Amino acid sequence: MNERLILMTKRLFRELFSRQRPGVRRSSGAFERFTAFGKLQRAGALQDALALMLIACVMAAVLPMQAQWEALPALPEPNGGFICGVAGGRIVVAGGTNWEGGKKNWLKTVHLFDEERRQWSTRADWEVKRAYGVCFQDDRGMLIAGGSDGASPVRCLVSLDGVNQGMTKDNDLPANFVLSAGGRVGKKFYVVGGTDDAANIAGITGTTHVISSSGKAERLADYPGKPFAVAASAVVGEGLFVFGGMNYDEASKAPVNATEAHAFSPAKNSWRKLEPLAVANRGLTAVTLDERHIYLAGGYTDDFTADAVIYDVKADSYRKAKPLPYAAMVALVKHEGFIYCLGGEDKKQSRTDKFYRIPVAELLK
């Protein structure tokens, strides 16, 4: 705030309050000094308040308004752990989980959001229920690897192009492609970590695989940190970046949030350590903003959070960013200059149907 402007404003009000009203005689003595002192204190406080109000009005008129998260029509049903991406120019929410009466439901419906009409439509169900898989985005649409149907891992690829869907048969994907991280680098698809069952936290791994378009998986260099699940991942340039997640503590038989961060180079088949997260977090989500910045938000620290940071790939550093519109383990999708925030786990045994978006440019400020 401009100190010179404050002083000028206070001087103006001091002059106004110091003028003697016409027709009023001044008294003398200690009583006048005492009352004058009280009036001076009140006048000074009032001057400060009015000066601050004036400056706030000037700043509000001069500074541009920052965009906030824009609320969109809610998801057709509360959902978390779903596959999310863009196909046929529309936002896609496929499969997932929710809770009803203390029971966890595994979903197989595919929902599409039309931006122009601002409405959801529901397409035919998948052949199987599926949640917690890895989604790869390409020019044709989405390719989904792994996941679980609630009883066993789904060990095949599914493609979605916005109109048609296809499932590769007789694939033998590794069973631990549940709650994994991953991304498409170039024309190849990479999957890291995960487990064979969403309830099997003791079975999390640190393996790295590359998948061919036919559904064959090849083992690569293992993740150098502790085995993990539900980490955030994003691709920038020729690298896959992985942040946080959940480790398993053998002694306590309990999940432990992670701060570790690493980047994988497919060209070198090697990992390098990054600056760790400031706060251990599992279930946070990452989305690439541009050729240098990754937005990391939400997840679970000591509770569900809306906090966010931006990771600078070149500087290997984090800075505080605009938080999510609500606290949860959300899905984040980039499309047509916007970041979309969808659904997620917002409480234990709970899912939300909230849906928001914000311009990418606003998050980069």
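Small disclaimer: the values here were computed from a predicted structure and weren't measured.

Cut-offs and rules
For every chain, the first residue of the written sequence is number 1, and numbering continues from 1 onward in sequence order. Under the rules for a predicted model, residues below a pLDDT of 70 receive no local features and side-chain atom pairs below 80 are neither given nor counted, while totals for whole chains, interfaces and linings still include all residues. To obtain the side-chain values, all non-hydrogen atoms of the structure were used and water was disregarded. Between any two strands, at least two bridges found by DSSP are needed for them to pair. A helix here means a DSSP run of H or I that spans at least four residues, while a strand means a run of E at least two residues long, and both kinds are numbered starting from the N terminus. Lines are fitted to the C-alpha atoms to define the axes, a helix being fitted only along its stretch in contact, and any angle between axes, read from their N-to-C directions, falls within 0 to 180 degrees. In what follows, residue pairs with any heavy atoms lying within 4.5 Å of each other are defined as contacts.

## Quick notes on the sheet that holds strand β14 (residues 232-236)
Taken in spatial order, the four strands make up an open sheet running β14-β15-β18-β19, and their pairing is antiparallel. Each edge of the open sheet is held by one strand with a lone partner, namely β14 and β19 (270-273). Looking at each pair of strands side by side, their axes are set apart by 25° on average, direction ignored. Two elements, strand β15 (residues 239-243) and strand β18 (residues 261-265), share four bridges in a ladder whose sense is antiparallel. Among the inter-strand pairings, Phe-243 is bridged to a residue of β18, identified as Ala-261.

## Here we look at the environment of Ala-331
With respect to the helices and strands, the residue Ala-331 is situated in strand β24 (residues 329-335). Ala-331 sits 249 residues away from Phe-82 along the chain, and the two C-alpha atoms are 8.1 Å apart. Not counting the four nearest positions on each side in its chain, Ala-331 is found in contact with Phe-82, Cys-84, Tyr-340, Cys-341 and Leu-342.

## What to know about the environment of Ser-265
Relative to the helices and strands, Ser-265 resides in strand β18. In contact with Ser-265, not counting residues within four places along its chain, are Glu-238 and Ser-270.

## Focus on the side chain of His-293
Note on placement: His-293 falls in strand β21 (residues 293-297). What His-293 contacts, discounting residues up to four positions off in sequence, is Val-287, Thr-288, Ile-310, Tyr-311, Asp-312 and Leu-364.

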